[in-house]
Amino acid sequence: MNQIDFSISIAHLYPDLLNIYGDLGNIVTIKNRCSWRGIEVKIENIKSGYRFNPEDFEFYFIGGGQDTQQVLASVELLKNKERLHKAAEQNAVILGICGGYQLLGHYYQPLKGERIEGVGLLDAYTVAGKKRFIGNVRGKCPSVDYATITGFENHSGLTYLKGETEPLIKLSKGFGNNGKDRKEGARYKNVFGTYLHGPILPKNPKFADYLISLALKKKYKCEIPLFELDDEIEEKAHSSSLKLK
Ligand code: GLN
């Protein structure tokens, strides 16, 4: 099958506000892993004040950031809450990292100040903890046949999942969502959140390809097979990450 005919569109939500610890590398990974397969990728930076048509994108990404940026991003996200829910209902892939992940839930309550409202795509909520969770994380990911996912966390937020929202990863190392329930990240339909920075996708190519497959299925309404790439470098990065203490 000639994949040159396929394309996906990515909305990068508020890169001017939420984009720390290499999170942009996730967009680069999706773009490269598509381009290497002849799949065209269009990327639009959705900045503060922008409105967008949910039909226009198959993939939405929002990175991490500190509380101040989260307050500003929350205001913008809430202006687009219905559009994001419509996108999620239409099976668009939505990936949020750390601060962005927290805003995909119902709210993030910082230690000081007002509660920061989220868009409620994930049935989850976050409250700031007194301890900062920093370190290497790994665990099994049910979404990709329990393949191991590895990465780095740096957050003080404690996230609790409710209802039908499942963890992205069943933890074997690290603090994860709240340091207690051995869950990391979240998934509901094609909405994903994770605390893993780094970025997460380059060294977890199975997960990256899974998200690409979901985005293609959203657009073309059928499974589009992805041919294998030479992931020698990615697998080396994955293995090195697994060895970190
Ligand atoms: N401010 C949030 C927290 O500390 C998110 C931080 C981040 O995005 N790294 O939990």
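Just above sits the structure.
Along each chain, residue indices are assigned from 1 in the same order as the chain's sequence is written. Under the rules for a predicted model, residues below a pLDDT of 70 receive no local features and side-chain atom pairs below 80 are neither given nor counted, while totals for whole chains, interfaces and linings still include all residues. Here the side-chain values reflect all heavy atoms present in the structure, with hydrogen atoms and water set aside.

Participant: Explain the site of the ligand here, please?
Facilitator: Around the ligand sit 17 residues in total, of which Gly65, Asp67, Gln70, Cys98 and Gly157 are the nearest. Look at the ligand: alone it shows 300 Å² of surface, and the protein chains cover 100% of it. Put simply, the parts of the chain that give the shell around the ligand at least two residues each are α2 (67–79), α4 (99–104) and β8 (147–161). Charged residues are taken to be Asp, Glu, Lys and Arg, nonpolar residues to be Ala, Val, Leu, Ile, Met, Phe, Trp, Tyr, Cys and Pro, and polar residues to be all remaining types, Gly included. Grouping the constituent residues of the shell around the ligand by class yields four nonpolar, 11 polar and two charged. Nearness of a residue to a molecule or strand requires only that one of the residue's heavy atoms be within 4 Å of it. Residue exposure ignores everything except the shown protein chains as possible cover, and the areas themselves are Shrake-Rupley values with a 1.4 Å probe. Only DSSP runs of H or I covering at least 4 residues are called helices, and only runs of E covering at least 2 are called strands; the numbering of each starts at the N terminus.

Participant: What am I meant to see in the side chain of glutamate 153 here?
Facilitator: By the secondary structure assignment, glutamate 153 is in strand β8. Relative accessibility thresholds used throughout: buried, under 20% of the residue-type maximum; exposed, over 50%; partly exposed, between the two (1.4 Å probe, protein chains only). The charge count includes Lys and Arg as positive and Asp and Glu as negative, but it does not include His or the ends of the chains. We count a salt bridge whenever a side-chain nitrogen from Lys or Arg sits within 4 Å of a carboxyl oxygen from Asp or Glu. Arginine 182 provides the closest opposite charge to the buried, unpaired glutamate 153, separated from it by 7.7 Å. Counted as a polar contact is a pair of N or O atoms within 3.5 Å, where, for protein atoms, one must be capable of donating a hydrogen and the other of accepting one, and residues adjacent in sequence contribute only when both atoms are in side chains. There is a polar contact of 2.7 Å between the side chain of glutamate 153 and the backbone nitrogen of phenylalanine 175. Throughout, a contact is declared for two residues whenever any of their heavy atoms are within 4.5 Å. Glutamate 153 has contacts with Phe133, Ile134, Gly135, Val137, Gly174, Phe175, Gly176 and Tyr195, leaving out every residue within four places of it along the chain.

Participant: I tried to follow α2 on my own but got confused; where do I start?
Facilitator: Since the α-helix turns once every 3.6 residues, residues separated by three or four places project in the same direction. Given a rise of 1.5 Å per residue, 13 residues ought to cover 18 Å, and the 19 Å separating the end C-alpha atoms of α2 matches this to within 8%. For α2, the secondary structure elements touched by its buried residues are β1 (7–13), β3 (59–62), α3 (81–89), α4, β5 (107–109) and β6 (116–117). By this rule the span expected of a helix is its residue count minus one, scaled by 1.5 Å.

Participant: Looking at this structure, I do not really get the nonpolar core. What am I missing?
Facilitator: The tendency in soluble globular proteins is for nonpolar side chains to be buried side by side. Membership of the largest hydrophobic core comes to 66 residues, with the highest contact counts inside it found for Leu13, Phe59, Tyr60, Phe207 and Leu211. With seven residues, helix α5 (residues 205–220) is the largest single contributor of residues to this core. Those residues in contact with phenylalanine 59 that sit more than four places away from it in its chain are Ser9, Ile10, Ala11, Ile30, Val93, Leu95, Leu211 and Ala215. Residue types Ala, Val, Leu, Ile, Met, Phe, Trp, Tyr and Cys, when buried and joined through side-chain atoms within 4.5 Å, form a set referred to as a nonpolar core.

Participant: When you look at the packing of α2 against α3 in this model, what are you seeing that I'm missing?
Facilitator: Between two packed helices, the angle of one axis relative to the other and the distance separating the axes together describe the packing. Where α2 contacts α3, the two axes come as close as 4 Å, and the packing angle between them is 65°. One way to sum up the angle between α2 and α3 is to call them roughly perpendicular. Contacts from Leu77, Leu78 and Lys79 of α2 reach α3 at Lys81, Arg83 and Leu84. Classifying every residue of the contact of α2 with α3 by side-chain character gives three nonpolar, no polar and three charged. As a rule, the C-alpha atoms of each element are fitted with a line to give its axis, helices using only the stretch in contact, and angles between N-to-C directions run from 0 to 180 degrees. Roughly parallel means an angle under 35 degrees; roughly antiparallel means over 145; roughly perpendicular covers 65 to 115; every other angle is labelled oblique.

Participant: What am I meant to see in unusual backbone geometry here?
Facilitator: Backbone phi values are negative for most residues with the exception of glycine, while trans is the configuration of most peptide bonds. The step from glycine 198 to proline 199 runs through a cis peptide bond, and the omega angle for that step is 0°. Relative to the helices and strands, proline 199 is located in the loop between β12 (191–194) and α5. One non-glycine residue, cysteine 98, lies in positive phi territory at about 50°. Residue placement: cysteine 98 occurs in the loop between β4 (93–97) and α4. The exposure class assigned to cysteine 98 is buried, which follows from its relative accessible area of 6%. Phi at lysine 189 takes a positive value of approximately 55°, unusual for a residue other than glycine. For lysine 189, a relative accessible area of 42% corresponds to the partly exposed category.

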